[in-house]
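Results of the structural survey
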Amino acid sequence: MKELNFLMKINMYKTILFALLVFSIGKTYSQNTNFEGSFIKKLNKKYDFVSVKDKVDPQFYEKCNKIVVGDYIYGPSDGGGSSVIGAKNLKFIDVDGNEVGAPTDFKLYQVNRYDHSQVLMAKYSNGLIGLLDLCGETIMEPKYAEINAFNEQGLAVTFIANEIDVIDTLGNSLLDKRINYKINYDTFNVAPKGSFYSSMKIVDGKFFQRGPNNLLAVYDVVNKKTLTDYKYDFIDLHAIEHNEVKYFKVKKGDSYNLVNIETGQELLSGNSYADIREFKRLFKDTAVEVLTNEEISNWNLVRLTDNKILFPTDIPIVSFQGSTIGETNKWVTLLHGKENGNSIFNVEVGEYVIEPKKEYKEFKFNKDFIKANTVVVKLTDDSIQLFDILNKTERKLSISGKKLDVDSIRFEDGKIWFKAFSEKRFSDFREITLYDDKWRQVYNGIAKVVLDDGLIKISESTDTESTKRPYLLQSDGEPVEAINN
């Protein structure tokens, strides 16, 4: 009898445990505790507006026990149109898809602006705007008449009456005091040439704001201080970096300058510049590329150490050949355009190496050429010539071609050898002209050429005499007689 009672009790406990297990599982499947991505996708298909998009990181909705859904507002005052400006007929939906309330005191504003902030703008019946999180919970009570979109740093410009402010996504004001903002739009130029298309912008924690006098001021919204009062007509928001410091191109009156906004330091002074492009490392100095004359597009470089314009200003400079500008290179190729040709300038001594000439199209030189006081010049007719820097003389080679190959010219043991190739090819042969260091033409014809221990060897030639007697050219330019193949 005792054994029977014991077995009955065991069976009863099993039945109770099984029932509890089934109840627990059923409760788990019938009630969600968090929103899931698949459910968010379904809501996005059902409603115009859902406060959480399915592409939003789950951290922004897994904490919610309800989210906001509604219908789009099209056009100003819901007057229709293609532009979505807000959301109406709002409802709160819980994790099971049930309606759990409906806000009646606000509509959502600028819902088509999904910026970096992950906050909602709620416009209340009194016309003021507050902030909500994606769950519909209040972050900031309504206090501003207008709030611009938040930027990547989570900052936005706000407006109330005749004042502007800057806030973060928690609604905190980031200015030490609001800025008076009242503009006569009859005389206000919102977008000067090259400027940003608004009267204010936040970049890297700096608030650029155009005031009533149409001039720009800059505020540091992180440290709550004014960096520069209203003094610039234009500020280029794309800073130019130099030595890990960002400089902004600014315009004051008719002249541009570079300014360290943090300190107010202006790099250039004493001259008026029509534009500024970038920093360049030149020889041992750093220079800034400036436009000295806008009418003829005359660019120049200004050395930062003494604000000195480096190149002559009588002949316009279109640009600088960047490949010749280096940390140790003292020569710069100046491009003057088709009307004036090109030149080479020695920055260290401040004078032309080769003066501008209309026929000069392109220059080729390296350290060895400079050591040999020689530059290879390509002319506008695609012919090639050599320029003796010491004697300021030039010698035109006897061939022309579109390609100018620096590697075909060697400088060894105090001698310079020139191999000038034309574009015309004959199987493995090329038309070639050889000169020695005394400017003597030592060979001209169609031949195969190889280098042998620093010397130029013509291994084969279509010239009958040369084919019979291939030769090496010695360093003095004299041929070595009767070398056999």
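Note that the structure is a prediction, hence the values are computed from the model and not measured.

This next bit is on helix α2 (residues 37–46). When α2 is considered as a whole, its buried residues turn out to be F39, I40 and L43. Projection of α2 onto a plane perpendicular to its axis shows the buried side chains occupying an angular sector of 100°, all on one side. Those residues of α2 that are exposed and angled more than 90 degrees off the buried face are K42 and K45. Considering only its buried residues, α2 is in contact with β1 (49–50), β2 (66–74) and β3 (84–94).

Next up on the list: the confidence of the model for the protein. Taken as a whole, the protein shows an average pLDDT of 75; of its residues, 65% reach a score of 70 or greater. Long-range and interchain partners of residues 187–197, a stretch whose pLDDT sits below 50, account for 25 contacts in this model, where long-range means more than four residues apart. Considering only residues more than four positions removed or in separate chains, one finds that residues 420–427, a stretch of pLDDT under 50, has 21 contacts.

It is worth spelling out the side chain of R303 at this point. Note that R303 resides in strand β23 (residues 298–303). R303 gets classed as buried once you look at its relative accessible area, which sits at 15%. R303 has contacts with D285, T286, A287, K308 and L310, leaving out every residue within four places of it along the chain.

The next point concerns the environment of V302. As for its position among the elements, V302 is in strand β23. Assessed through its relative accessible area of 0%, V302 is described here as buried. For V302 and V290, which are 12 residues apart along the polypeptide, the C-alpha to C-alpha distance reads 7.1 Å. If near-sequence neighbours (up to four positions away) are discounted, V302 is found in contact with L268, Y273, T286, A287, V288, V290, N307, K308 and I309.

It is worth spelling out the sheet that holds strand β11 (residues 179–180) at this point. Taking strand neighbours across the sheet as the criterion, the 4 strands line up as β8-β9-β10-β11 in an open arrangement whose pairing is antiparallel. Only two strands of the sheet have a single neighbouring strand rather than two, namely β8 (146–147) and β11. In this sheet, strand β10 (residues 163–168) lies alongside strand β9 (residues 155–160) in antiparallel orientation, the contact comprising 6 bridges. Looking at β10, one finds that V157 is bridged to V166.

This brings us to the nonpolar core. Residues F35, L43, F49, I67, F106, L108 and L132 are the most contacted members of the largest nonpolar core, which totals 27 residues. Going through the elements one at a time, α2, β1, β2, β3, β4 (106–109) and β5 (120–124) are the ones with two or more residues in this core. Among the elements that line this core, the one with the most residues is β3, at 5 residues. In terms of nonpolar packing, the next biggest core, distinct from the first, is built from 16 residues, Y360, V375, V376 and L379 among them.

To continue, consider the pairing of strand β13 (residues 206–210). Consecutive side chains of a regular strand alternate in pointing toward one face of the sheet and then the other. Among the 5 residues in β13, 5 count as buried, and that is most of the element. Burial along β13 is two-sided: the face carrying K206, F208 and R210 and the face carrying F207 and Q209 are both buried. Note that strand β12 (residues 200–203) and β13 share 4 bridges and pair antiparallel. By the bridge assignment for β13, K201 is matched with F208. Here β12 folds back onto β13 in antiparallel fashion, the turn holding 2 residues, of which D204 has a positive phi close to 50°. Inspection of the sheet shows β13 paired to strand β14 (residues 216–220) by 5 bridges, in the antiparallel sense. Paired with K206 across the bridge in β14 is D220.

About the thresholds
Residues numbered from 1 in each chain as written. Predicted model: local features only at pLDDT ≥ 70, side-chain atom pairs only at ≥ 80, totals over all residues. Heavy atoms only, no water. Buried < 20%, exposed > 50% of the residue type's maximum accessible area, 1.4 Å probe, protein only. Helix = DSSP H or I, 4+ residues; strand = E, 2+ residues; numbered from the N terminus. Arc of directions from axis to C-beta. Contact = heavy atoms within 4.5 Å. pLDDT = per-residue confidence, 0-100. Pairing = 2+ DSSP bridges. Core = buried A, V, L, I, M, F, W, Y, C linked by side-chain atoms within 4.5 Å.

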